[in-house]
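# Coordinates in review
Next come the chains, spelled out residue by residue.
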Amino acid sequence: MSAASCLLTEHQFLCSICLDVFTDPVSTPCGHNFCKACISQHWDTKVPYQCPNCKKLFHKRPDMLVNTFISEMAAQFRRSAQQKASSSSSEQHVVKPGEVPCDACTGTRLKALKSCLVCLESYCETHLEPHLTRAGLKKHQLIDPVENLEGRMCVKHDKLLELFCQTDQVCVCMLCTVLDHKTHDVVPLKEGCEGKKAELGKTEAETQQMIQKRRLKIQEMNRSVELSKEGADREMADGVQVFTALKESVERSQAELMDTIKEKQRETEEQAEGFIKELEQEVSELKKRSSEVEQLSRSEDQLHLLQRFTSLNAAPPTKNWTEVRVRPPSYEGTVRRAVTELEETLRKQLKKLLELKRVQRSEVELKRVQQSEVELKRVQQSEVEVTLDPDTAQPYLILSDDGKQVNDGDVRKNLPDNPERFYTCTCVLAKQSFSSGRFYHEVQVEGKTEWTLGVVRESINRKGKISLSPQDGYWVIVLRNENEYIACAGPAVRLSLKSQPQKVGVFVDYEEGLVSFYDVDAAALIYSFTGCCFKEKLYPYFSPYKNNGGKNSAPLIISPVNLTE
């Protein structure tokens, strides 16, 4: 028996009514086997009596006896299946928290591989087998395992939710469409899901655009911080230089002032010392004469007195000191003159510093220009051939025969309104599209008062109202009112340019998500869209804008790149 059982397959031991292994199997007169309880319940509700498999009719209800052979084989198969399930449970995943368990498992519950939307149950690998092998079960809809399958049923009609009411924005069953939602816009779940996915795609694009704007703002702020730091470093260096020079000038002026005052004081002291020394000499001579006079006046020798009197009568030569003065030097104006000289020194130092800063700024500007020239020459290496596509041109536009020039003609031409053609906006696309790598082209805008240039994705709206923003597929800059330059970054960014570009370079790095615009003659970057997410073909975009009574009649001209400049 064991050898024979090994040759039997699993479906031979399954009741076609309950789809499980036989329990108390019985045989019908036509030779088919069923669980005793299953066939009894079936015939309790079905009259006339009919075999569920071959549909054979019986005039009276057959007497059913247990098929002991099938019963023993089913029991053996059940034990074998349990052992197999037990041995393979180590290979199959036991359900973990957060995973969907198998609804058919008894004892240790395994992780479900699929859920059946007809049976409203989830099955592991073992219990999923009937849905993969039996013809009746193969038609059931299987999905990735989910919990709460009852939530996929209409609570009102107990039917599968397989439609979406776009009016009420709810999932409904078939009965709902003929009752509560009879006049509503109802579509299959797939169609409704596709619509929501499209909305999610738009939301994702808007989110990416918001991310891009914020990344751009972060870059702008970081650059501002860098520029601020560079400026602060320069100003601190200049400040140290100025105040060091100021300190040295003050100390030098102070020392010179002290030396001047000390020199005047020294000269005064030397003068006074000379006068005092001379006076002291005269005092000494006069004391000597006074002593001699006193001695002679006391002499009793009359002859000696008379003889000496004549020599003492002539007084020694002395200076008339009446008008002699030691006058203190005047210090009035000394400090003021020193301060004035200091101011002149500082003025010269400041002039010298300003000249130095002017030279430094010139060097920085020259370096920036040189770097810009190097950057421009680098992107110019990605030059591609670009010609205008007449099938996309708005009917008012006039294109040159070589497809290199476009301007507004003020007169609408009778042209076929093909899907590619712009209907309201005075613009045209290039014939060439790009979906990878880098590409660059230049457009002459000399003499124009208004224009729009950039790139657009293939799926842009060409018939209705056009919104120039990255979220709508436009990466462009515009000139309005002769001198208003704007980057259409959504919201718009007003650009401050040192000069009006006569020729604009447009550069795209598809993989990098970068669109940059250059003033070719000034070798200066005008604006960059960064962090872009390109998923479609990109086309160069040109709008010469309206003629405006001849004020804006000059054409946009696609120019060859001059790499020798």
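The structure presented is a predicted model; accordingly, all values stated were derived computationally and were not measured.

## Some details on the packing of aromatic side chains
- By the definition in use, this model includes 11 aromatic pairs.
- Here the aromatic rings of W43 and Y49 are separated by 6.2 Å at their centres, their planes lie at 70 degrees, and the arrangement is edge-to-face.
- A relative accessible area of 2% places W43 in the buried class.
- When the ring of W475 is compared with that of F534, the centres are 5.0 Å apart and the planes differ by 80 degrees; the resulting orientation is edge-to-face. Taken together, the residues W475 in strand 16 (residues 474–480) and F534 in the loop between strand 21 (524–529) and strand 22 (538–543) connect sequence positions 59 residues apart.
- Relative accessible area serves as the criterion here: at 11%, F534 is assigned to the buried category.
- Pairwise contacts between aromatic rings join W43, Y49 and F58 into one cluster.
- Its guanidinium or amino end placed over the ring of Y545, R480 lies 4.2 Å from that ring's centre, counting from NZ or CZ.

## A closer look at the side chain of T452
- Tracing the chain through its elements places T452 in strand 15 (residues 451–457).
- Residue classification places T452 among the buried positions, given a relative accessible area of 1%.
- Of note is the side chain of T452, whose polar atom sits 3.1 Å from the side chain of R480.
- Residues in contact with T452, not counting those within four places in the same chain, are L468, V476, I477, V478, R480, Y541, F542 and S543.

Conventions we followed
- Residues numbered from 1 in each chain as written.
- Predicted model: local features only at pLDDT ≥ 70, side-chain atom pairs only at ≥ 80, totals over all residues.
- Heavy atoms only, no water.
- Phe/Tyr/Trp six-rings, centres within 6.5 Å; stacked < 30°, edge-to-face > 60°.
- Buried < 20%, exposed > 50% of the residue type's maximum accessible area, 1.4 Å probe, protein only.
- Helix = DSSP H or I, 4+ residues; strand = E, 2+ residues; numbered from the N terminus.
- Lys NZ or Arg CZ within 6 Å of the ring centre and 35° of its normal.
- Polar contact = N/O pair within 3.5 Å; in protein donor to acceptor, adjacent residues only side chain to side chain.
- Contact = heavy atoms within 4.5 Å.

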